[in-house]
Every structure is written in structure tokens, then in C-alpha cells.
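Remarks on the overall topology
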Amino acid sequence: MKASEAGAFWERNAETWTRHVRAGYDIYRDALNSPAFLDALPAIEGRRGLDIGCGEGANTRHLARRGARMDGIDIAPTFIRHAQAAESAAPLGISYAVADGMALPFAEATFDFAAAFMSLMDMPDTAAVLGEAWRVVRPGGFLQFTIVHPCFSPPHRKVLRDALGNPRAVEVADYFNGRDGEVERWGFGSAPASEKAVSPLFEVPRFHRTLSQWVDFVVGAGFVLERMVEPCASPELAAAQPVVADTRVVPQALIVRARRPAASSGAP
């Protein structure tokens, strides 16, 4: 699948997606994954950063509030329109642009760091986007990204529950069966029935890679792996937000931080 084809799916998703995430229906993101990402993040105050696949800009705004000078890019114009509207309403100094993460419109070593929240696994050419992130991050800078967990969120994932409805296991399959554009149709389970009745399902192309493939892509781009985090809901969070209780069985997401070596001068 070409980048333009994948981008067309996200452009069709963008209006409903923006409305739903701003209404709080993406509980995995808001309650667990984004807080875990921010907790794992090094100090970024005063540094220039790029959010790759920024969507409607929620996490770009989190990074800007931490004192970073942010740029955000997304392939879907509707996402960028909503992100720019939020910036106009409450300025944080963020610059947004429509762009492809696999062909970033920035010079080498432009940024102190790059971030990507649940976006890299939606891009057809994993090697290309990691290579582009390496190129635009300065020597000594870092890339931190979240993806759906390759091991525990492969093409087939089913939460198995006990008689009381509590998660007791997670069934996974097709781990080694790569996906290159197979379209999944789904919606946020936390959306109310009235909203589901009037909202089209999202159509999301899947580009599944194994954990070892992700490591190979990161290292092959020239990065050095620095940290990995598997977000797990606390007992208190699982009780308050039962949607994420399955992450106490196995993780749903994986956070990776990788650094461009300070001595690097050219692409590997």
C-alpha cells in the first residue's frame, strides 16, 4: 500500500476520530498510554521537537505544555485543520503541517527530539519512517514512540473474561503473519450507543511487524535503543476504568526510546 492510499483512509477517519477522542472515548490513550509516554520522556523544556503523525494534536499540546517548541505533521489534512484550530484558540507556539512521515519536509538534524504516539505502526514503510526520524533528529537527540504491542496486539487479539467479566487471559494469534495494508474496521468501544449509531466505523490499514522486526528497523536506521516501557494499569486505574483492565494481564502498547548517537554524521 502506498503512503497516499494509507493517508486516504486516515483522511476519511479524521473527522469522526477527532470528535470521538475529544469527547474522551479513547480511554487507552487518555488513561494509560499517553501518561506512561510522558512519564518515560526525558526533559524536553526549551528543546525543539517533532510529533510524527500528530493527528488532531492532543499529544503535541502535551509536549508543548512541557516547554518544548513543537512542530506537528500528519498526512490527513482534516487532522491538521483541527490541530491548527486548537492552536489558534489556545496558542502554544506549535507549527502544524500536512506531510508524510516517510518523507519529512525538514533538513537533517533540525530537531532535538521526535515523538510519535500510536502512529508509526500505521505507516506502510517502517524502515523509511524510522530512517526519516533519524535524519531529522540531531546527533545526540532521541526518538520516542508508542505502538500497539507487537507481541500482545497482533492481528488477532481477544480478551478472555471470567464469570464476573474480569479479564483473565488474552488470546493472540497470527503473530508471524505480517500485515501490509489489510484494513480493520472498528470503533471506540466506550462511545455511547447514540454516537455509535450515527458514526461510521474507522477503516485502519494494518502493517503488523514482529518485535524483532521493530528492533531491526530501529537499529538499522542508526538509532541505539535506550528504553522500553510496557504500560500496565494500576489496580486503582483498572477499577476506575475497566476498559484498560486487560493491560494487567498483558500489555496493549509498547513505548520505545532510541537515540541517535552523538558522533553520528551520516546515514548508516
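Here, the structure is the one placed above.
Residues numbered from 1 in each chain as written. Predicted model: local features only at pLDDT ≥ 70, side-chain atom pairs only at ≥ 80, totals over all residues. Heavy atoms only, no water.

1. Details of the pattern of salt bridges
Our working definition: We count a salt bridge whenever a side-chain nitrogen from Lys or Arg sits within 4 Å of a carboxyl oxygen from Asp or Glu. Buried, partly exposed and exposed residues are distinguished by accessible area as a fraction of the type maximum, computed with a 1.4 Å probe on protein chains only: under 20%, between the cut-offs, and over 50%, respectively. In this text, helices come from DSSP runs of H or I with a minimum length of four residues, and strands from runs of E with a minimum of two, each type numbered from the N-terminal end.
Using the criterion set out here, one finds 16 salt bridges in the structure. Across the salt bridge formed by Glu56 and Arg61, the nearest N and O atoms sit 3.0 Å from each other. Exposure class is identical for Glu56 and Arg61. Each is buried. Notably, a salt bridge pairs Glu203 with Arg185, separated by 2.9 Å at the nearest N-O pair. Of the two residues, Glu203 sits in strand 9 (residues 202-206) while Arg185 sits in strand 8 (residues 182-186), which places them 18 residues apart along the sequence. Assessed through its relative accessible area of 23%, Glu203 is described here as partly exposed. A cluster of three or more residues bridged by salt bridges with shared partners is formed by Arg22, Arg29, Asp30, Glu56 and Arg61.

2. Considering the sheet that holds strand 10 (residues 224-229)
Applied cut-off: Strands were regarded as paired on the criterion that DSSP finds at least two bridges between them. Helix axes use the C-alpha atoms of the stretch in contact, all axes being lines fitted to C-alpha atoms, and the angles between their N-to-C directions lie in the range 0 to 180 degrees. Residue contacts are defined here by distance: any two heavy atoms, one from each residue, within 4.5 Å place the two residues in contact.
Spatial ordering of the open sheet is given by 3-2-1-4-5-11-10, a layout of seven strands whose pairing is mixed. Each of the sheet's edge strands pairs with one partner strand only, and the pair in question is strand 3 (95-98) and strand 10. Adjacent strand axes in the sheet meet at a mean angle of 15°, parallel and antiparallel pairs treated alike. In this structure, strand 4 (residues 111-117) lies alongside strand 5 (residues 137-148), joined through six bridges in parallel fashion. Across the sheet, the residue bridging to Ala114 is Leu143, located in strand 5. Lying on the sheet, helix 2 (residues 27-40) is in contact with strand 4, strand 5, strand 10 and strand 11 (253-259); it crosses strand 11 at an angle near 25°. The strands touched by helix 3 (residues 58-65) within the sheet are strand 1 (48-52), strand 2 (69-74), strand 3 and strand 4, with strand 2 carrying the most contacts at an inclination of about 170°.

3. Here's the deal with the side chain of Asn59
With respect to the helices and strands, the residue Asn59 is situated in helix 3. On the basis of relative accessibility, which here comes to 9%, the residue Asn59 falls in the buried class. For Asn59, the contacting residues outside a window of four places in its chain are Arg29, Ser34, Asp51 and Phe117.

4. Description of the nonpolar core
Where we set the bar: Note on terminology: a nonpolar core comprises buried Ala, Val, Leu, Ile, Met, Phe, Trp, Tyr and Cys residues joined through side-chain atoms within 4.5 Å.
Ranked by internal contacts, the top residues of the largest apolar core, which has 30 residues, are Leu50, Ile52, Leu120, Leu130, Phe145 and Phe223. Contributing elements (two or more residues each) for this core: strand 1, strand 4, helix 5 (126-136), strand 5, helix 7 (211-220) and strand 11. Broken down by element, the residue count for this core peaks at five residues, all from helix 5. Ignoring anything within four residues of it in the chain, the contact list for Phe223 reads Leu130, Ala133, Trp134, Leu143, Val218, Ala258, Arg259 and Arg260.

5. A short note on the pairing of strand 6 (residues 156-161)
Relative to strand 7 (residues 167-173), strand 6 runs antiparallel, the two being bridged by six bridges. The residue of strand 7 that forms the bridge with Val159 is Val170. From the end of strand 6 to the start of strand 7, which pair antiparallel, there are five residues, and Gly165 there has a positive phi angle of about 90°.

6. Notes on helix 5
Residue pairs spaced three or four apart in an α-helix point in one direction, given the helix's 3.6 residues per turn. Filter applied, for reference: For this analysis, a polar contact is any N or O atom pair within 3.5 Å, provided that within protein one partner can donate a hydrogen and the other can accept it, and provided that sequence-adjacent residues contribute only side-chain to side-chain pairs.
Restricting attention to buried positions, one finds in helix 5 the residues Thr126, Val129, Leu130, Glu132, Ala133, Trp134 and Val136. Where helix 5 is buried, its residues meet strand 1, strand 4, strand 5 and helix 7. Between the side-chain oxygen of the N-cap and the backbone nitrogen of Ala127 there are 3.3 Å, and the N-cap of helix 5 in question is Asp125.

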